[in-house]
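Chain by chain, the residues:
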Amino acid sequence: MSEHPSRHAAFVAGLPKAELHVHHVGSASPRIVAELAERHPGTVPSDLDALREFYTFRDFAHFVEVYLAVVDLVRTPEDVRMLTYEIAADMAGQNIRYAELTCTPYTNVKAGVPIQAFVEAIEDARTAAERDHGVVLRWVYDVPGEFGVEAAAETVTYLDKSPSTLVGFGLGGPEIGVPRPQFQPFFDAARAAGLHSVPHAGETTGPQTVWDAIRLLGAERIGHGTSSVQDPDLLAHLAATGIPLEVCPTSNLATRAVASYEEHPVRAMVEAGVTITIGSDDPPMFGTWLTKEYEIAAELLDLDEAGVADLARSGVRCSFADDATKARLLAEIDAYADAPRSSR
């Protein structure tokens, strides 16, 4: 893929966007990670140059190791609040209007932040971010798969203390050696509590993981799903049901799930009629941001400006925002896309 600036860079920069696949701790900018590392000295370097080297991943397993080291830096409610607010401020700079931020409260609680304090911290940051930056945040509680059913069982106990802004229940971490069927009872409980099911699946394992996420976990969106293209029946099912795949191109390269942008299966997904959204996953860790991911997707899919705007509309439509918020965001996208170039 070309290394030259995207021909759509200016259009994408101003385009109102929704972000549906992005992780809480994984969105910590180097500046914030450095500040946390200074507060809590240890494994993670506080020097920005050393931090960039620290963020060079050998493979997915090494990424998980690095990610957990950063998770360990978030130890107090003040850390949680600062992290959350600063993430929203960075989002505002990209014209992200709405985001479903995937939090992993299990690891924060294990680090010493009681669940009620965690909720109060993210809610305080959410309210301030919407007031100061106009970014609407909603939460997805994620089960860290590397900790198995213990983490799932404990995360379900947090639901009674959850805010009304919690919209989804997810499953992340490694897939290899972490079969999806064992999590079915916990997803059943979360869905019974009114949450939407949004597990990761088919990123580093094959299509069967995606089938398990759909059939056993009731997935309404699939995180990544890159291996879905290996199974024509699965692609046909995704297209027929409208279950979206949350596509994060740079993340897939960084974790070695995909060898190159040119080999990324996003075009095959779209050509099969599958609904997609574009996400950034753990953007600072992967040296990316949502605007860049839109530019990459536009090049991989050979989109014009109207096609890029349609990607943004897909993000809104596939979200779990209320109808009024969706209508407002879609109207913003329409107004921006229809405006003369000179007025943007």
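Residues numbered from 1 in each chain as written. Predicted model: local features only at pLDDT ≥ 70, side-chain atom pairs only at ≥ 80, totals over all residues. Heavy atoms only, no water.

Please set out the sheet that holds strand S7 (residues 222-224) residue by residue, giving values where relevant.
Strand order in the open sheet formed by four strands is S6-S7-S8-S9, and the pairing between neighbours is parallel. What marks the edges here is a single partner per strand, and that holds for strand S6 (200-201) and strand S9 (276-278). In the sheet, S6 pairs with S7 via two bridges, with the strands oriented parallel. By the bridge assignment, Ala201 is partnered in S7 with His224. (Pairing = 2+ DSSP bridges. Helix = DSSP H or I, 4+ residues; strand = E, 2+ residues; numbered from the N terminus.)

For helix H5 (residues 77-92), give the residues involved together with the corresponding values.
Each turn of an α-helix holds 3.6 residues, which means side chains three or four residues apart point in the same direction. Over its 16 residues, H5 extends 23 Å from the first C-alpha to the last, a length consistent with the 22 Å expected when each residue adds 1.5 Å. Taken together, the buried positions of H5 are Asp79, Val80, Met82, Leu83, Thr84, Tyr85, Ile87, Ala88 and Met91. The secondary structure elements touched by the buried residues of H5 are strand S1 (17-23), helix H2 (30-39), strand S2 (96-103), helix H6 (105-110), helix H7 (115-133) and strand S3 (136-144). (Expected span 1.5 Å × (residues − 1). Buried < 20%, exposed > 50% of the residue type's maximum accessible area, 1.4 Å probe, protein only. Contact = heavy atoms within 4.5 Å.)

Describe the sheet that holds S2, and please don't skip the residues or the numbers.
Spatially, five strands are ordered S1-S2-S3-S4-S5 in an open sheet, and the strand pairing comes out parallel. Here the strands that pair on one side only, and so sit at the sheet edges, are S1 and strand S5 (196-197).

I'd like to hear about the side chain of Thr104, residue by residue, with values.
Tracing the chain through its elements places Thr104 in the loop between S2 and H6. Thr104 sits in the buried class, given a relative accessible area of 11%. Aside from chain neighbours lying at most four places away, what touches Thr104 is Asp142 and Pro144.

Give me the packing of aromatic side chains: which residues, what numbers.
For the structure shown, the criterion picks out three aromatic pairs. Ring geometry for Tyr106 and Phe147: centres 5.5 Å apart, planes at 45°, overall tilted. On the criterion of sequence distance, the pair formed by Tyr106 in helix H6 and Phe147 in the loop between S3 and helix H8 (148-157) is long-range, its members being 41 residues apart. Note on Tyr106: relative accessible area 4%, which makes it buried. Here Phe147 falls in the partly exposed class, since its relative accessible area comes to 36%. When the ring of Phe169 is compared with that of Phe187, the centres are 4.9 Å apart and the planes differ by 80°; the resulting orientation is edge-to-face. With Phe169 in strand S4 (residues 166-172) and Phe187 in helix H9 (residues 184-192), the pair connects residues that are 18 residues apart, well separated along the chain. Given a relative accessible area of 0%, Phe169 falls into the buried group. Residue classification places Phe187 among the buried positions, given a relative accessible area of 1%. Cation over ring: Lys292 sits above Trp289, and NZ or CZ is 5.5 Å from the ring centre. (Phe/Tyr/Trp six-rings, centres within 6.5 Å; stacked < 30°, edge-to-face > 60°. Lys NZ or Arg CZ within 6 Å of the ring centre and 35° of its normal.)

Explain the state of the cysteines residue by residue, including any values.
Overall, the coordinates contain zero disulfides when judged by the stated rule. Distance from the sulfur of Cys103, which forms no disulfide, to the nearest cysteine sulfur (Cys248) is 16 Å. On the basis of relative accessibility, which here comes to 0%, the residue Cys103 falls in the buried class. As a non-bridged cysteine, Cys318 has Cys248 as the owner of its nearest cysteine sulfur, 13 Å distant. (Disulfide = S-S within 2.5 Å.)

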